[in-house]
Amino acid sequence: MPETLPELPATVRHIVLRRRPAGVPTSDCFDLVETAMPVPGDGQMLVRMRVGSVDPAIRGFLDDRPSYLPPVALGAPITGMALGEVVASRHGDWPVGTLLRVLGTWSDHFVIGPDALGLERVSPQPGVPLRAYMGALGPVGLTAWVGLVAVGLAQAGQTVLVSAAAGATGSTVVQLARALGCRVVGLAGGPEKAALVRHIGAEAAIDHRCTPEALGQALDAAAPQGFDVYFDNVGGPLLDAVLPRMREGGRIALCGMIAQYNDADHPHGVTQLWQLVVKRLTMRGFLTYDHADRLAQAQATLDELHRSGQLVPLENVHHGFESLPGAFIALMQGQTIGKTLVEV
């Protein structure tokens, strides 16, 4: 390809980390900067961001501490999943016009190679908005399916508990579990979110913003025989409350720990781990792409459930590349319902 790209803008916009947040991120943690448009090298592709994914996990990348990905350096673009379009390519398998998902950066254009983390082709179905493939029909849905089926081993007739059940992943798990024939109980923050969780298929929904005693009573009332599967997006005191209420042989899929993302220096000390022995429980953390061999099955299931109307994406959509920080801050303040997405 030529060394100049006249059909593209001369510069790239990036959202970079200006300072590390203390607690909930604020707008002064981020800057919008521009650099020259990069030129892909041999075997690389230049991708234009079409949809940015705003996820709680990003908060962990902003702290200067080890995680499953390196921390974002000060002055560097924020790490995040994106759905993009190849606009220049020096790789025969990824021609111009290809739509893809990948772990990229908060940049309106970025260069990747074929070994980029999370790289997948996207083939939108007619009539389905492209943004759905970054939500319930994309990484969110894949995560929900992997945690529920591959890790949680949920089966028809079992009782599944989901925390952050009005959120992106949680709301998808509720619908997948219902379609699987499970009895579903959701935990959500506030009466509005609890009502939504019941609307999308949970038999019971509990507002977890109550006293520990009231929470325990509500869990007992919702599942007197206990829970077979707990899909946990929250951790913290909620996990402590649930552990004694698991059934023997129950499975806990640890997807996230949003209760401590904004205060990782002071994690909650779980006091009920003895229940793992008492109930012979399995508690397992997971990352979606550790189960790459199951993702084709997961994607086919998500697509079919969406076609049949059993999976309805819950989204809050922002518009414009520059809205990424504000969307992320709202997410980390607990203000959102469903999947937070930015259409660029």
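Residues numbered from 1 in each chain as written. Predicted model: local features only at pLDDT ≥ 70, side-chain atom pairs only at ≥ 80, totals over all residues. Heavy atoms only, no water.

Looking at the side chain of Lys193
Which entries qualify depends on this criterion: What counts as a helix is a DSSP run of H or I of at least four residues, what counts as a strand is a run of E of at least two, and both are numbered from the N terminus. Type-normalised accessible area, obtained with a 1.4 Å probe on protein chains alone, sets the label of each residue: buried when under 20%, exposed when over 50%, and partly exposed for intermediate values. When charges are counted, neither His nor the chain ends are considered; positive counts come from Lys and Arg and negative counts from Asp and Glu. Here, a salt bridge means any side-chain nitrogen of Lys or Arg that lies within 4 Å of a carboxyl oxygen of Asp or Glu. Any two residues having at least one pair of non-hydrogen atoms within 4.5 Å are treated as being in contact.
With respect to the helices and strands, Lys193 occurs in helix H4 (residues 191-199). Glu192 is the oppositely charged side chain nearest to the buried, salt-bridge-free Lys193, at an N-O distance of 7.9 Å. In contact with Lys193, not counting residues within four places along its chain, are Ala166, Ala188, Gly334, Thr336 and Ile337.

Description of a nonpolar patch on the surface
Counted only if it meets this: A patch consists of residues exposed above 30% relative accessible area that lack any salt bridge, with like charges linked at up to 9 Å and nonpolar side chains (Val, Leu, Ile, Met, Phe, Trp, Tyr) linked at up to 5 Å. Under the convention used here, a 1.4 Å probe and the Shrake-Rupley method define accessible areas, while residue burial counts only the protein chains that appear.
Together, Trp274, Val277 and Val278 give the surface a local cluster of nonpolar side chains, amounting to about 310 Å² of exposed area. Mapped onto the elements, Val278 comes out in helix H8 (residues 275-278).

Some points on the sheet that holds strand S10 (residues 204-207)
Short version of the rule: Should DSSP find at least two bridges between two strands, the strands are regarded as paired. Lines fitted to the C-alpha atoms define the axes, with helices restricted to the stretch that makes contact. Angles between their N-to-C directions range from 0 to 180 degrees.
One open sheet holds the 6 strands; their spatial order is S10-S9-S8-S11-S12-S13, and the pairing between them is parallel. Every other strand in the sheet has two partners, leaving S10 and strand S13 (282-285) as the edge strands with one partner each. Strand-to-strand twist across the sheet, computed as the mean angle between neighbouring axes with direction ignored, equals 15°. Sheet topology note: the strand S9 (residues 183-188)/S10 ladder contains 4 bridges and is parallel. Directly across from Gly186, in S10, lies its bridge partner Ala205.

Considerations on the pattern of salt bridges
Summed over all chains, the structure comprises 17 salt bridges. The salt bridge involving Arg50 is made with Glu85; its shortest N-O contact spans 3.0 Å. Placement of Arg50 in strand S3 (residues 45-54) and of Glu85 in strand S4 (residues 79-89) is noted, with a sequence separation of 35 residues between them. Taking relative accessible area as the criterion, Arg50 reaches 27% and is therefore assigned partly exposed. In this structure, Asp220 engages Arg245 in a salt bridge whose closest nitrogen and oxygen atoms are separated by 2.7 Å. Of this pair, Asp220 sits in helix H5 (residues 212-222) while Arg245 sits in the loop between helix H6 (236-242) and strand S12 (246-254), and the two are 25 residues apart along the sequence.

Points about helix H10 (residues 324-332)
With 8 of 9 residues buried, H10 is to be regarded as a mostly interior element. Among the residues trailing H10, Gly334 stands out with phi positive, at a value near 75°.

Considering unusual backbone geometry
Residues other than glycine seldom take positive phi values, yet Leu153 does so here, at roughly 50°. In this structure Leu153 comes out as partly exposed when scored by relative accessible area, which is 45%.

Side note on the confidence of the model for the protein chain
Applied cut-off: Summary of the metric used: pLDDT quantifies the predictor's per-residue confidence within the range 0 to 100.
For the protein chain, per-residue confidence averages 92 on the pLDDT scale, and residues scoring 70 or more make up 95% of the total. Note that pLDDT drops below 50 for residues 1-6; the model gives that stretch 11 contacts with residues more than four away or on any other chain.

Quick look at H5
Heads up, the rule is: What the arc measures is the spread of directions leading from the helix axis to the C-beta atoms.
Looking only at H5, the buried set comprises Leu215, Gly216, Leu219 and Ala222. When H5 is viewed along its axis, its buried side chains cluster within an angular range of 130° and face the same direction. Looking at H5, the residues exposed on the side facing more than 90 degrees away from the buried face are Glu213 and Ala221. Those residues of H5 that are buried are in contact with strand S8 (159-162), S9, S10, strand S11 (227-232) and H6.

Brief notes about the packing of aromatic side chains
Applied cut-off: The criterion for an aromatic pair is that two Phe, Tyr or Trp rings (for Trp, the six-membered ring) have centres within 6.5 Å, with stacked assigned to planes under 30 degrees apart, edge-to-face to planes over 60 apart and tilted to the rest.
The full count for this structure, using the stated rule, is 4 aromatic pairs. Relative to Trp106, the ring of Phe30 lies with its centre 6.3 Å away and its plane at 35°, an arrangement referred to as tilted. On the criterion of sequence distance, the pair formed by Phe30 in strand S2 (residues 30-36) and Trp106 in the loop between strand S5 (99-105) and strand S6 (109-112) is long-range, its members being 76 residues apart. The exposure class assigned to Phe30 is buried, which follows from its relative accessible area of 6%. Ring centres 6.1 Å apart and planes at 80° place the aromatic pair Trp106 and Phe328 in the edge-to-face group. Of the two residues, Trp106 is situated in the loop between S5 and S6 and Phe328 in helix H10; the sequence distance between them amounts to 222 residues.

Re the packing of helix H2 (residues 139-151) against helix H9 (residues 295-307)
Our working rule: Should an angle fall under 35 degrees it is taken as roughly parallel, and over 145 as roughly antiparallel, whereas 65 to 115 is taken as roughly perpendicular and any remaining angle as oblique. Should the near helix be turned anticlockwise from the far one by less than a right angle, the crossing is left-handed, and should it be turned clockwise, the crossing is right-handed. Under the grouping applied here, Gly and all other residues not named as nonpolar or charged are polar, the nonpolar ones being Ala, Val, Leu, Ile, Met, Phe, Trp, Tyr, Cys and Pro and the charged ones Asp, Glu, Lys and Arg.
Two numbers describe how H2 lies on H9: the axes approach to 9 Å, and their chain directions differ by 110°. Accordingly, the angle class assigned to the pair H2 and H9 is roughly perpendicular. Relative to H9, H2 is oriented so that their crossing is right-handed. In contact with Gly141, Leu142, Trp145 and Val146 of H2, H9 contributes Leu295, Gln297, Ala298, Gln299, Thr301 and Leu302. Of the residues belonging to the contact of H2 with H9, the class tally is 6 nonpolar, 4 polar and no charged.

With respect to the side chain of Arg101
For the record, the criterion: Within 3.5 Å is the distance limit for a polar contact, defined as a pair of N or O atoms, with the added protein rule that one can donate a hydrogen and the other accept it, and that residues adjacent in sequence qualify only through two side-chain atoms.
Turning to its location among the elements, Arg101 is positioned in strand S5. A distance of 3.3 Å separates the side chain of Arg101 from the side chain of Gln299, its partner in a polar contact.

Here's the deal with the packing of H2 against helix H3 (residues 168-180)
Two elements in contact, H2 and H3, have axes separated by 9 Å at closest approach and are oriented at 55°. In terms of orientation, H2 lies oblique with respect to H3. Considering how the two elements wind past one another, H2 and H3 form a crossing that is right-handed. Of the residues in H3, those in contact with Val140, Gly141, Thr143, Ala144, Trp145 and Leu148 of H2 are Ala168, Thr169, Thr172, Val173, Leu176 and Ala177. When grouped by side-chain class, the residues that make up the contact of H2 with H3 number 8 nonpolar, 4 polar and no charged.

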